[in-house]
Structure formats: structure tokens, C-alpha cells
Amino acid sequence: MTTTNEPVVQDTILNDLDPELATRLTSRRDVIAKTALQLGALATVPVLLGGCAARLVSGGMPQQVVDVLNFALTLEYLEDEFYRTALSQPRLIPASDRAVFEQISKHESAHVTLLATVLGFDAVAKPKFDFTAGGTFPDVFSNYRTFSALSQAFEDTGVRAYKGQAVYLIGASFILLTALKIHSVEARHAAEVRRLRGEDAWISGSSRGNLPAAAQPVYAGDGRAAQLGVSSFGVPREAVTEAFDEPLSKAQVLGIAGMFIASA
Amino acid sequence: MQGEVNEKETPAAGRRSFLKWSSAAVVSALAAGLDLSDLSLGEAMAQAPGGPLISSGSVDLGSGDIGILNYAYALEQLEAAFYTQVMRTPYRGMNSAERHALGDIRDHEIAHRNFFRSALGANAIPALRVDFSKVDFGSRVSVLNTARTFEDLGVSAYNGAGQFIQKPDYLLLAGKIVSVEARHSATIRDLIAPRSAAFAGDDVVGIDGLGLARLPSDVLPMAAPYIATPVTAKHLQ
């Protein structure tokens, strides 16, 4: 992550990926290239990207912040389309649960609007999604259990994704504040969907609960028993793992989201 | 042991007696000049830069990252004490699903509180005296409404404090906790109004899809009715 005075454009969302997925996510590479030009002035400034010193400068946001926001926007595109598609199916979501998913959908649409507005011309294009994941979930929009399972997976992924990016926003106070606000809303979503599905609202260990095996990467590494050197909490270990939600890296998240991004 | 005065050592004593014991334990430890490694008020008063200031019965949280961590520690103390009492004296009609959820939440809040106490070490503020005299622990409505207040306050407090944290490790840690607080809030709200929009209601999430954030200067007055020890944040944002 660290860079020097070199004009390095940190196209992190692309660099962390396998090339094939990267291609699918850069349908507007021309726009991104243009962005790099616009940020030329910025890039000559010593932008300290040690993971803690991204600073807002006049004329645009540091590339690191743009990358985080575009990463978030990609996830929000996915969630937004997922829920809008589901709500448009007449017999998918039972009437008893519809209010929950309407509320979630409303928030995901708002997140897309907000992030796209903040990014302006720097916003990535919306990918083409395949919510069957190449046929792994063929009944995603006809079987409520499949739909709600994917919903849980997306929401828990979203929580962990935002969490993992927060430290790259230190110094960009307003963006960090905004990201934290979204993060807490995703956690509310995750909790409610889990409860609808008969699960606890919190993640025990790295258990995927009643989700299919394909969802295990969503919970990878969530079972930490120690935090910042503290390992004695006065409660059972299971409760400790529930009490702290762990982050996912951008690459881990895109590995999960990439399953649902269609080939060009 | 400072924090444990709020939990398991006491038998099923009434709220008032265990709260008194809580404060009494601190006072007697001080009076006896005990060198309790966890408590160590003498060390705390010797103070690292930014550490808390304890004077004439009131507590200032300190400044910088230590101040923010003490701020979180204060809120976690409040929540842990509350749920400990909820589980000690369950409200009338608490069903098994509620007992399970509230028991889990109690354990999470105890874990959070004990984490901050350990991580802060000598810089930790002392155990705060809580005041739940406005809560009817026998009433489901009273308990769940209070729980909702505390969880929503906690989420908004962490959301608002993140921007003031300087050390990446601490920001990440706060992030690990705030999402669990949000899961708690959604759970409590779902217990109050099942399968409705309340879990992320328009009272806590704006039309822009953003959750509430509050500054310490807004949070502390809202927590104050439940904390008998005067807490100040003269050096926080």
C-alpha cells in the first residue's frame, strides 16, 4: 500500500483481483483512465498512502479513498439490484416478511445513490450480475429459502467489507463517518435477515449456520478469540467470537461478490 | 476485581444492594489502599498523557485515543450492568427465545467491557455507579425500551467517535464492536415489533440510508440519567 512521491494510481479494486474478474469490473476503464489524468495534479503531491494518512485535497479525493468508495459502490450495486429484483417477483417473499425486505431495499438504493453522487465521474460502472452464480443457485428468485440465504450472505459480507476498509479512510473524516454509518445499517440488515431465517443475529465462531457450503468464505476468520492482546473476557469463548465482528479484505470480498458478477 | 462487582460474585441480590456494593467495593478498595492490579486507581491518577482524571467523585474520560476508548468503556459498563440485572431478575413472561437473546447480549457486553478494562490498563476510568431507578425490571416493555435506548445510543456513539480515533488498530476494534451493537439494536427492535421495518427504522436510519451518529457531547447527557457517577469529556471532540 505504501507509496512514495511516484504518481501511482492505486487502482486497488482491480489490482487485488484475478485478471478475469478485473476485466469484468472495468467496463469503464476509459473513465478510470480519465480519472487518473484528472488526478494528475494530486498524484504529484506526496500522497501518503501508508494506510493512515489519506487526506482530502482540493480538486478531488485521494485515489485510496476513491478506491474504497468504488469498492463499496460495487457491493451496493449488487445488493440494490438483488433486492429490487426479488421484490418484483410476485410470489417470492411472504407477505409476513415483505416489510423487512422493502426497508432493506430502500436503504441499498439510497446507498447506491449516495456513493455514486459522492464519486461523480469517478464512479465505477454497474457490473452485470448473475445471482444464480453461474447456476449454483438456480432458484434464487423463486425459492424464498435460497433468496434469504443469499440475502444473509450478502449482508454479513457487507458488514465485514466496510469494516475492513475503515482504516483506509482515517484522515478523510467525513467519508469515514459516512462509511461507518452505512456499516451500522448493513449490520442491522444482517441481524434481521438472520433472525428471519431462525439464526441468532450474531455470528458464532466462523459458522455459516444453515447456509450452504458455498457461503463459507463469508465467515472465514470470524472466530477470533483474542483482541489486541486481550484473551480473557470473563465469558465463554463462543460469546467472545460473537461479540466482535471481524473484517474481510477487499480481495476476500471480491472473491465472494465475483461469484455473482457475470462474465462480459 | 473492579468489573466483576457488577456480575457473578453477588448472589441474587436486589438491584440496589448490588449497585451499592459496586460503589462500596471501589471505595473500600481505595480506603484499604489495596493494590488491585485491575483496579489500580493510584496508577490511573498518576496518569499517562491523555489518561482519565478522577477528582471529587467525578470522572473525566481523558483525551485522544485513550479518551475515546474510555468513552466506549463507560458505555459498555452501562450496558453490561443493565443486561446483568435483566438476566438476574427476568421480566414477567420472558420466553425462552428472549432469554436466549438477552443472555447472549449480556455476555457480549461483558466481553466488551472487560476488553476495554484490560486494554486500557492503568488508563482506564474506574467502575461507574449506574442508576437504573427509572427501569422496571419486572416489565417487558420497560426493559426492552431501555435496551433499545442503550443499543441505539451505543451504535450512534461509536459511529460518531470513529472519525476521532487516530490509531488504525483502535478504529478497527471499534468497528468490530459497533456492528455487534447494531445487531443487538436490530434484535431488540425485532422483539418489540417483530418482522417490521423497526429493526432499521426510519427513526435510526435516514432517507439517505445512513445510520445515526452522535458526538460525545450529545451522547453523555443522554446516558447521564443512568450513570450516577458524573462523567465529563472536557477533552474529547
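Procedures and definitions
- Residues numbered from 1 in each chain as written.
- Chains lettered and ligands numbered in written order.
- Predicted model: local features only at pLDDT ≥ 70, side-chain atom pairs only at ≥ 80, totals over all residues.
- Heavy atoms only, no water.
- Helix = DSSP H or I, 4+ residues; strand = E, 2+ residues; numbered from the N terminus.
- Buried < 20%, exposed > 50% of the residue type's maximum accessible area, 1.4 Å probe, protein only.
- Areas by Shrake-Rupley, 256 points an atom, 1.4 Å probe, with all protein chains shown as cover.
- Salt bridge = Lys/Arg side-chain N within 4 Å of Asp/Glu carboxyl O.
- Expected span 1.5 Å × (residues − 1).
- Phe/Tyr/Trp six-rings, centres within 6.5 Å; stacked < 30°, edge-to-face > 60°.
- Axes fitted to C-alpha atoms, helices over the stretch in contact; angles between N-to-C directions.
- Parallel < 35°, antiparallel > 145°, perpendicular 65-115°, else oblique.
- Left-handed = near helix turned anticlockwise from the far one by under 90°.
- Contact = heavy atoms within 4.5 Å.
- Nonpolar A, V, L, I, M, F, W, Y, C, P; charged D, E, K, R; others polar.
- Arc of directions from axis to C-beta.
- Buried area = accessible area lost by both parts, 1.4 Å probe.
- pLDDT = per-residue confidence, 0-100.

K.L.:
Give a description of the overall build of chain B that names residues and reports values.
P.N.:
For chain B, the count of helices and strands is seven helices and three strands. What you see in chain B, going N to C, is helices and strands ordered as α-α-β-β-α-α-α-α-α-β. Counting the 237 residues in chain B, one finds 59% classified as buried. By element, 57% of the accessible surface of chain B is carried by carbon and sulfur atoms, the whole surface being about 8,900 Å².

K.L.:
Residues and numbers for the pattern of salt bridges, please.
P.N.:
Pairing is possible between side chains of opposite charge, provided their charged atoms come close. Residues and elements named next belong to chain A. The final tally for this structure, using the stated rule, is 17 salt bridges over all chains. The salt bridge involving Asp222 is made with Arg160; its shortest N-O contact spans 3.6 Å. One end of the pair, Asp222, is in the loop between helix H8 (173-196) and helix H9 (237-243); the other, Arg160, is in helix H7 (residues 144-165), with 62 residues separating them in the sequence. For Arg160, a relative accessible area of 1% corresponds to the buried category.

K.L.:
Let's hear about helix H6 (residues 95-119) of chain A: which residues, and what values?
P.N.:
Three- or four-residue spacings in an α-helix give side chains the same orientation, since the helix completes a turn every 3.6 residues. If you check H6 of chain A, its first and last C-alpha atoms are 37 Å apart, about what 25 residues at 1.5 Å a residue would give, namely 36 Å. The positive-phi residue at the C-terminal boundary of H6 of chain A is Gly120 of chain A, with phi of around 55°.

K.L.:
Summarise the packing of aromatic side chains; cite the residues concerned and give the values.
P.N.:
Residues and elements named next belong to chain A. Across all of its chains, the model carries 25 aromatic pairs over all chains by this definition. For the pair Phe82 and Tyr83, a centre-to-centre distance of 5.1 Å together with 70° between the ring planes defines the contact as edge-to-face. Here Phe82 matches Tyr83 in class, with each residue buried. Ring geometry for Phe129 against Phe131: centres 5.6 Å apart, planes inclined by 25°, an arrangement best described as stacked. By relative accessible area, which is 9% here, Phe129 ends up buried. Of the residues examined, Phe131 reaches a relative accessible area of 5% and is grouped as buried. Among the aromatic side chains, those forming a connected cluster through ring pairs are Phe82, Tyr83, Phe101, Phe129, Phe131, Phe137, Phe141, Tyr144, Phe147, Phe154 and Phe260.

K.L.:
I'd love a proper account of the packing of H8 of chain A against helix H6 (residues 168-192) of chain B, names of residues and values included.
P.N.:
When two helices pack together, you describe them by how their axes are tilted relative to each other and by the distance separating the axes. Their axes nearest at 8 Å, the elements H8 of chain A and H6 of chain B cross at an angle of 45°. On the basis of their axis angle, the class for H8 of chain A and H6 of chain B is oblique. Taken as a pair, H8 of chain A and H6 of chain B cross one another with a handedness that is right-handed. Contacts between H8 of chain A and H6 of chain B pair Leu176, His183, Ser184, Ala187, Arg188, Ala190, Ala191, Glu192, Arg194 and Arg195 of chain A from the former with Leu171, Gly175, Val178, Ser179, Ala182, Arg183, Ser185, Ala186, Thr187, Arg189, Asp190 and Leu191 of chain B from the latter. Split into classes, the residues belonging to the contact of H8 of chain A with H6 of chain B amount to nine nonpolar, six polar and seven charged.

K.L.:
Go over helix H10 (residues 250-257) of chain A, please, and point to the residues and values.
P.N.:
Taken together, the buried positions of H10 of chain A are occupied by Lys250, Val253, Leu254, Ile256 and Ala257 of chain A. For H10 of chain A, the angular spread of the buried residues around the axis is 155°, confining them to a single face.

K.L.:
Please set out the interface of chain A and chain B residue by residue, giving values where relevant.
P.N.:
How big an interface is tends to be stated in terms of the accessible area lost upon association of its parts. On the side of chain B, 59 residues touch chain A, which itself brings 57 residues to the contact. Surface buried jointly by chain A and chain B totals about 4,600 Å² across both partners, of which 64% is contributed by carbon and sulfur atoms. Among the residues of chain A in contact with chain B, Arg188, Trp202 and Leu228 of chain A are the three that bury the most area, contributing 17% of the side total. Taken together, chain A and chain B are joined by seven salt bridges. Lys176 of chain B is the partner of Glu246 of chain A in a salt bridge, and the nearest nitrogen-oxygen pair spans 2.7 Å.

K.L.:
How would you summarise the packing of H6 of chain A against H8 of chain A if you had to cite specific residues and measurements?
P.N.:
All names here are of chain A. With their axes 11 Å apart at the nearest point, H6 and H8 run at an angle of 160° to one another. The pairing of H6 with H8 is recorded here as roughly antiparallel in orientation. Considering only the axes of H6 and H8, their crossing is left-handed. Between H6, through Asp97, Val100, Phe101, Ile104, His107, Glu108, His111, Leu114, Leu115 and Val118, and H8, the contact on the second element is made entirely by Ile175, Thr178, Ile182, Val185, Glu186, His189, Glu192, Val193 and Leu196. Residue composition of the contact of H6 with H8, by class: eleven nonpolar, four polar and four charged.

K.L.:
Any chance you could break down the confidence of the model for chain A for me, citing the residues and the numbers?
P.N.:
Residue and element names in this part refer to chain A. Averaged over every residue, the pLDDT of chain A is 84; residues scoring 70 or more account for 77%. Between residues 1-15, whose pLDDT stays under 50, and residues either more than four places distant or in other chains, the model counts 31 contacts. Within the model, the stretch residues 26-59 combines pLDDT values under 50 with 52 contacts to residues more than four positions away or in other chains.

K.L.:
Give me the confidence of the model for chain B: which residues, what numbers.
P.N.:
Of all residues in chain B, 77% attain a pLDDT of 70 or more, and the chain-wide mean is 84. Across residues 1-47 of chain B, where pLDDT falls below 50, the model places 67 contacts with residues more than four positions away in sequence or in other chains.

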